[in-house]
Structure formats: structure tokens, C-alpha cells
Amino acid sequence: MSGKAGEDLVEKQNAEMGLMPVVAEEASVYGYSAENRQTARAFLKGEKPMLTFDDGLEVVKILMTAYMSAQTGRTLEFPPKDLDSFVPAVAQGKWNPRG
């Protein structure tokens, strides 16, 4: 499958064709090491970290809403009704990337 230039880019992909550049120390470049360090230090001090389980849950809700929107072909209010029971077609093994 192919599309217009840039149409098929995914997160962190930085080349349309040819070899993908290697990102040295990817965890540091994208901030994961600093995030993990801050969280560990907060736990050691008995403090609440900057990012919590609730933040992660909110991200999952946003992603699941995006799946629901794509699957239904509609723009949805956030959070959409029935989000807690929604299972994307891809998770059900029913998704066909060829349409």
C-alpha cells in the first residue's frame, strides 16, 4: 500500500523511503528516562509524581475514543457514551487493513 508523501507517517518515523535514521538513546531523546527518574524520586520522597495512573487512564480514554471515532466514521464528543464497553475491531481480531 502507498499513498501521498507524508500520508503514511507514524509516530517517530522520520523518513519516507530508504534507511531509517537511528536515534541513539531513544529513551532519553523522547524524555522517558527523565519521566521515570522524576517518578522514582517522587515515590522515594513519598510525594505524588507529576504523571499519575489517572493521567495514563485519561490517555487510554483518548486513544479508545480515537479508535471509536475511526471505526464509526464520526466525530465524537469526549468522552463518548459507551466508551467503557467499547472494544475496537482490531482488538476483536476483525480489523482488515485492506478495507
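Residues numbered from 1 in each chain as written. Predicted model: local features only at pLDDT ≥ 70, side-chain atom pairs only at ≥ 80, totals over all residues. Heavy atoms only, no water.

## Describing the overall build of the protein chain
Tallying secondary structure elements over the protein chain gives three helices and zero strands in all. Per-residue burial for the protein chain yields a buried fraction of 12% across its 99 residues. Carbon and sulfur atoms form 57% of the exposed surface of the protein chain, whose accessible area is close to 8600 Å². (Helix = DSSP H or I, 4+ residues; strand = E, 2+ residues; numbered from the N terminus. Buried < 20%, exposed > 50% of the residue type's maximum accessible area, 1.4 Å probe, protein only. Areas by Shrake-Rupley, 256 points an atom, 1.4 Å probe, with all protein chains shown as cover.)

## What to know about the packing of aromatic side chains
Going through the model one piece at a time under the given rule, you end up with one aromatic pair. With 6.3 Å between their ring centres and 35° between their planes, Tyr30 and Tyr32 make a pair best called tilted. With relative accessibility at 33%, the residue Tyr30 sits in the partly exposed group. (Phe/Tyr/Trp six-rings, centres within 6.5 Å; stacked < 30°, edge-to-face > 60°.)

## A word on a nonpolar patch on the surface
On the surface, a nonpolar cluster with roughly 270 Å² of combined accessible area is contributed by Val29, Tyr30 and Tyr32. Position of Tyr30 relative to the elements: it lies in the loop between α1 (26-29) and α2 (32-45). (Patch = residues over 30% accessible without salt bridge, like charges linked within 9 Å, V, L, I, M, F, W, Y side chains within 5 Å. Salt bridge = Lys/Arg side-chain N within 4 Å of Asp/Glu carboxyl O.)

## Some remarks on unusual backbone geometry
With an omega of -10°, the peptide bond between Phe78 and Pro79 qualifies as cis. When you line up the elements, Pro79 lands in the segment after α3 (53-72). One non-glycine residue, Glu25, lies in positive phi territory at about 55°. One can find Glu25 in the segment before α1. Given the relative accessible area of 61%, Glu25 is considered exposed.

## Some words on the environment of Trp95
Position of Trp95 among the secondary structure elements: in the segment after α3. For Trp95, a relative accessible area of 54% puts it in the exposed group. Along the chain, Trp95 and Gln71 lie 24 residues apart, while their C-alpha atoms are 9.6 Å from each other. Sequence-distant contacts of Trp95, that is, excluding residues within four places in its chain, are made with Ala89 and Val90. (Contact = heavy atoms within 4.5 Å.)

## Comments concerning the side chain of Thr65
Residue position: Thr65 is located in helix α3. You can call Thr65 buried: its relative accessible area is 8%. A distance of 2.8 Å separates a polar side-chain atom of Thr65 from the backbone oxygen of Lys61. In contact with Thr65, other than residues within four places in its own chain, are Leu76, Phe78, Pro80 and Leu83. (Polar contact = N/O pair within 3.5 Å; in protein donor to acceptor, adjacent residues only side chain to side chain.)

## Details of the side chain of Thr39
Here Thr39 lies in helix α2. On the basis of relative accessible area, Thr39 is assigned to the buried category, the value being 19%. Within the structure, the side chain of Thr39 is placed 3.0 Å from the backbone oxygen of Glu35, a separation counted as a polar contact.

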